[in-house]
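# Survey of secondary and tertiary structure
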Amino acid sequence: MKQFISAHDVPDIRSLIQKALDYKANPWKDETLGKHKRIGCLFLNPSMRTRLSTQVAAQQLGMETVMFNAGSEGWALEFEDGAIMNGTTVEHVKDAAPIMGNYFDILAIRTFPGLKDRQADYSEHIIQQFIKYAGIPVLSLESATLHPLQSLTDLVTITEFWRAGLSNASNKTESRKPKIVLTWAPHVKALPQCVANSFAQWVNAWGEADFTITHPEGYELATEFTNGATIEYDQDKALKDADFVYVKNWSAYNEYGSLPPFGGNWMLTNEKIGQTCNAKVMHCLPVRRNIELSDEILDGPNSIITHEASNRVWAAQAVISELLQ
Ligand code: CP
């Protein structure tokens, strides 16, 4: 694997999931793989889980990690080719990225979308500029449109719970695919579509689920990611018989970055979970309690959200391991 910015960079998703689970069973089995190698993690936007889990994962592979809050501590970067830099930007990515390419063996980057210009965000201009100029493997820590480390973690978590459920079930011959529902949830501000896009892309590429996406009208995601999923505007109908419910807010893709009005109560509650197959509830975090998800769900028995976030280490370790090899 030469880079990790999308599901399309992964030759075999099932093998990568298994690799993450193998690291979970034996975290130190490749503790010298990254000896004398260095990963630079560049944060143009905030993070907690991605930053910490990537650092832990790299260290378990014997790598040195360098963290740089470039968005708040670095020089303001320019990304436009041919820019006349008489404004607020101080250094062009053309000049900065090759230097990072000399300092590190892998360059990991987090960059959020502006949510103003859809074409610019969906061209992944910023991460593509780093790929073009750094000359070393680039790992996305979440980009303008996708969050692949989160999505790999989500599939690792679903695989774990689905396998455990099957082995505990009295009817061990059951071989149906899990029903996974991605549901939109309310929020107080416009959020990127990255996590939802990425989850849809990965579940579709994985091909091991019966997959439904539910959201109010106006919140349709880009079809390049959702093709293959059933789209259902009625949340109650979508939730019926679900095994996993993935909760996430996102702003509109069509009326880009807007928050179209919606009717009804879209926040998941125990009453709504009653329609599912006792579904496990997932969320990437951070979460706005009692806006996006109720306390009763977050603190209740159906939530696997802490487990999911803990799995971020194993997904990152599997990916970094592939990039090192
Ligand atoms: N889910 C996730 O990416 O969390 P952070 O923003 O804290 O890294």
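Values in this document were obtained by computation on a predicted structure and should not be read as measured data. Along every chain, residues carry numbers that run from 1 in the direction the sequence is written. This being a predicted model, a pLDDT of at least 70 is required before a residue's local features are given, and a value of 80 or more before pairs of side-chain atoms are given or counted; all residues contribute to the totals for chains, interfaces and linings. In computing side-chain values, all of the structure's heavy atoms are included and hydrogens and water are not.

All the domain ranges listed were derived from an automatic or database domain assignment. According to the domain assignment, the chain contains domain 1 (7-146 + 312-324) and domain 2 (150-310). Using C-alpha coordinates to define each centre, domain 1 is positioned 26 Å away from domain 2. A contact between two residues is defined here by any heavy atoms of the two lying within 4.5 Å. Each partner contributes to the interface: domain 1 provides 29 residues, whereas domain 2 provides 36 residues. Buried area, as used here, totals the accessible surface that two parts lose on assembly, with accessibility defined by a 1.4 Å probe and the loss added over both. Of the roughly 2,700 Å² buried at the junction of domain 1 and domain 2 (both faces included), carbon and sulfur atoms supply 62%. It is Leu115, Tyr122 and Arg312 in domain 1 that bury the most area against domain 2; as a group they hold 25% of the surface buried on that side. The term salt bridge refers to a pairing of a side-chain nitrogen on Lys or Arg with a carboxyl oxygen on Asp or Glu at a separation within 4 Å. Linking domain 1 to domain 2 there are two salt bridges. We note a salt bridge from Lys24 to Glu160, for which the minimum N-O separation is 2.8 Å. Any N or O atom pair separated by 3.5 Å or less is treated as a polar contact, with the protein-specific requirement of one donor-capable and one acceptor-capable atom, and with residues adjacent in sequence counted only for side-chain atom pairs. Linking domain 1 with domain 2 are 15 residue pairs in polar contact (both at pLDDT 80 or more).

Take helix α4 (residues 93-103) next. Residues of α4 that are buried include every one of Val93, Ala96, Ala97, Met100 and Gly101, and no others. Along the axis of α4, the buried residues cluster in a sector spanning 140°; they form a single face. Residues of α4 that are exposed and point over 90 degrees away from its buried face: Asn102 and Tyr103. Helix and strand definitions here come from DSSP, where helices need a minimum of 4 consecutive H or I residues and strands a minimum of 2 consecutive E residues; each element is numbered from the N-terminal end. Structurally, α4 contributes buried residues whose contacts are with β1 (38-43), β3 (77-78), β4 (91-92), β5 (106-110) and α6 (125-134). Burial classes follow relative accessibility: with a 1.4 Å probe on protein chains only, a residue under 20% of its type's maximum area counts as buried, one over 50% as exposed, and anything between as partly exposed. Within this analysis, the arc is defined by the directions that extend from the helix axis to the C-beta atoms.

Bringing the side chain of Thr153 into the picture now. By the secondary structure assignment, Thr153 is in helix α7 (residues 148-168). Setting aside residues up to four positions removed in sequence, Thr153 forms contacts with Glu308, Asn311, Arg312 and Ala315.

Moving on, we come to the site of the ligand. In these notes, residues near a molecule or strand are those with any non-hydrogen atom within 4 Å of it. Looking at the ligand, the residues that line it are Ser47, Met48, Arg49, Thr50, Arg110, His147, Gln150, Cys284, Leu285 and Arg312. Note that an oxygen atom of the ligand is positioned 2.6 Å from one of the side-chain N or O atoms of Thr50. One of the side-chain N or O atoms of Gln150 is found 3.0 Å from a nitrogen atom in the ligand. Methods summary: accessible areas were calculated by the Shrake-Rupley approach with a probe of 1.4 Å, and residue burial reflects only the protein chains presented. Protein contacts shield 93% of the accessible area of the ligand, which totals 250 Å² for the unbound molecule.

What follows concerns the pairing of β1. For β1, the tally of buried residues reaches five of six residues, placing the bulk of the element in the interior. Sheet topology places β1 next to strand β2 (residues 64-68); five bridges connect them, and they run parallel. Residue pairing across strands places Ile39 opposite Thr65, the latter belonging to β2. Since β1 and β2 lie parallel, the crossover through helix α2 (residues 49-60) that links them has a hand, and here it is right-handed. Any two strands with at least two DSSP-identified bridges between them are counted as paired. By the criterion used throughout, a crossover qualifies as right-handed when its path from the first strand across the helix to the second strand runs clockwise, the strands pointing away from the viewer.

Moving on: the packing of aromatic side chains. Here is the rule: rings of Phe, Tyr and Trp (six-membered ring for Trp) pair when centre to centre is within 6.5 Å. Planes less than 30 degrees apart are stacked, more than 60 are edge-to-face, and the remainder are tilted. Scanning all chains against the criterion turns up twelve aromatic pairs. Seen in terms of ring centroids, Tyr122 and Tyr256 are 6.1 Å apart; in terms of plane orientation they differ by 80°. Their pairing is edge-to-face. Here the residue Tyr122 occupies a position in helix α5 (residues 118-122), and Tyr256 occupies one in the loop between β10 (244-248) and α11 (270-273), the gap between them amounting to 134 residues. Judged by its relative accessible area of 18%, Tyr122 is buried. Overall, Tyr256 belongs to the buried group, its relative accessible area being 14%. Taken together through their ring pairs, the aromatic side chains of Tyr122, Phe225, Tyr253 and Tyr256 make up a single cluster. Two limits define a charge over a ring: the Lys NZ or Arg CZ must be within 6 Å of the ring centre, and within 35 degrees of the ring normal. Here the guanidinium or amino end of Lys29 rests over the ring plane of Tyr23, the centre of that ring lying 4.9 Å away.

Quick look at the environment of Glu124 now. Its place among the elements puts Glu124 in the loop between α5 and α6. Put simply, Glu124 and Gly135 are eleven residues apart on the chain and 17 Å apart in space, counted from C-alpha to C-alpha. Glu124 has contacts with Ser143, Ala144, Thr145 and Leu146, leaving out every residue within four places of it along the chain. Of the polar contacts made by the side chain of Glu124, one reaches the side chain of Ser143; its length is 2.7 Å.

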